Amino acid sequence: MKSKKTLITILPLLILSSCANQEAPKTSSTPQKKEIDMVILAGQSNAAGYSAILENKTETFQNTVYAGETDRVLIGNEFKKGTDFLSSSDKYVQGIRGGLGYSSSHIGPEYGIAKKLSSNYNENKKLMVLKTAAGGTTLADVSSNLSEVYGNWYPRSLWEDGYTPNIEASSPKNDATGLLYHLLVENFRLVYEDLIDDGYKVNILGVCWSQGESDADLGGEAVYNYPRLLETFITDLRFDIADITGESLYEDELPFVIGKIAPTYYGYNRSINFQMATKQDEVASSMDYVYAFSTDDLIVIQQNGKRNEGCLDDWHFNFADMTTFGERFAQALIEAN
């Protein structure tokens, strides 16, 4: 920075030069920095997007960007499916649309989020949804079910000293512990640094979390422990995002929205689902800037025991309800911000 003395010396020379040329001083303007609002989406299959499009008409939402990775195999070589719109910036999707779930014929919450928010954006300020998700995965530190393939979400501060998950794809010797947590953080780091390098000013609207079904399936002890684990997960993730961005405000005030598990997941008004939803409410009540919304009216299994129309299995919303699910995430972020 120039000293005041130097500035005083230079100023008369500038004035004399201007008078000699008899020209009006020229003004320069700094180009407006591009802006992007980011929504971080994470969790298991309803985050990954297992809702079939079927005959539903989809839209493409302008001024939105999608970067996402679903069902990345981290242990062994089983279950080769999922999508990658994240590993390099040329894979980012310009215009969120249908087909960004775990396959090109499915959607996840990104679709409803974009539908609700896209009208607020233009060429100078865009919306990005950044997703890391894998179906059938737990927050608890277990390696059963699909956590045996994708890893689990066990939070960083609970890992053993010296342990760092290996997020190399299909590594047969991997321990499931914390693989998805670490993958989420590193995916955020990758995309955030890409955006900064591309000249964007990045504002993180919040984290949308759709997870808990696999922990409910583990039974009572896992449900009982869920609030402690989720509170730790939120605290760790906020800290890591603040550390990567250098924005200390994110450490305490980054909004975190929980889409509670549906009471009709895997059965109509299944008691363990209600217990898990209650635990998710407890976390929202105990932490600042954490919110939870109900999915009681988003039906998977009907009272007669049959699947709701458009639900192809016992676990996932149909197209319309998944769209609503995403819109509720968006509405929660609107209210939080």
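Above: the structure in question.
Keep in mind the model is a prediction, meaning the values are calculated, not measured.

Each value, and the rule that gives it
- All residue numbers refer to position in the chain's written sequence, counted from 1.
- The model is predicted, so local features are restricted to residues of pLDDT at least 70 and side-chain atom pairs to those at 80 or more, both for listing and for counting; the totals for chains, interfaces and linings are taken over all residues.
- Only hydrogens and water are set aside; all other atoms, that is, all heavy atoms of the structure, feed into the side-chain values.
- Numbered from the N terminus, helices here are DSSP runs of H or I no shorter than four residues, and strands are runs of E no shorter than two.
- Think of it in three bands: residues with accessible area under 20% of the maximum for their type are buried, residues over 50% are exposed, and the middle band is partly exposed, with areas taken using a 1.4 Å probe on protein chains only.
- Working rule for contacts: check all heavy atoms of both residues, and any pair within 4.5 Å makes them a contact.
- Only the protein chains shown count as cover for residues, and all accessible areas are computed by the Shrake-Rupley method using a 1.4 Å probe.
- All tallies of charge rest on Lys and Arg as positive and Asp and Glu as negative; His and the ends of each chain are not included.
- Taken as the charge location is NZ of Lys, CZ of Arg, CG of Asp or CD of Glu.
- Each salt bridge in this description consists of a side-chain nitrogen of Lys or Arg and a carboxyl oxygen of Asp or Glu lying within 4 Å of one another.

Colleague: Which parts of the structure should I look at to understand the overall build of the protein?
Modeller: Along the protein, the regular secondary structure elements total ten helices and ten strands. Taken over the C-alpha atoms alone, the protein extends approximately 90 × 50 × 40 Å along its principal axes. Burial analysis of the protein (337 residues in total) assigns 53% to the buried set. Across the protein, contacts joining residues at least 24 apart in sequence account for 75% of those joining residues at least 6 apart. Total accessible area on the protein stands at roughly 16200 Å², and carbon and sulfur atoms take up 47% of it. One finds the centroid of the 29 positive side-chain charges in the protein at a distance of 7 Å from the centroid of its 46 negative side-chain charges.

Colleague: Could you clarify how one ought to interpret the pattern of salt bridges in this entry?
Modeller: Any two side chains of opposite charge can pair, on the condition that their charged atoms come close. All chains considered together, the criterion is met by 13 salt bridges. The residue R156 makes a salt bridge to D236 at a minimum N-O spacing of 3.8 Å. Note that R156 is positioned in the loop between helix 4 (147-150) and helix 5 (179-197) and D236 in helix 7 (residues 220-245), a separation of 80 residues in sequence. For R156, a relative accessible area of 26% puts it in the partly exposed group. Here the salt bridges do not stand alone but share partners, grouping R156, D236 and D240 into one network.

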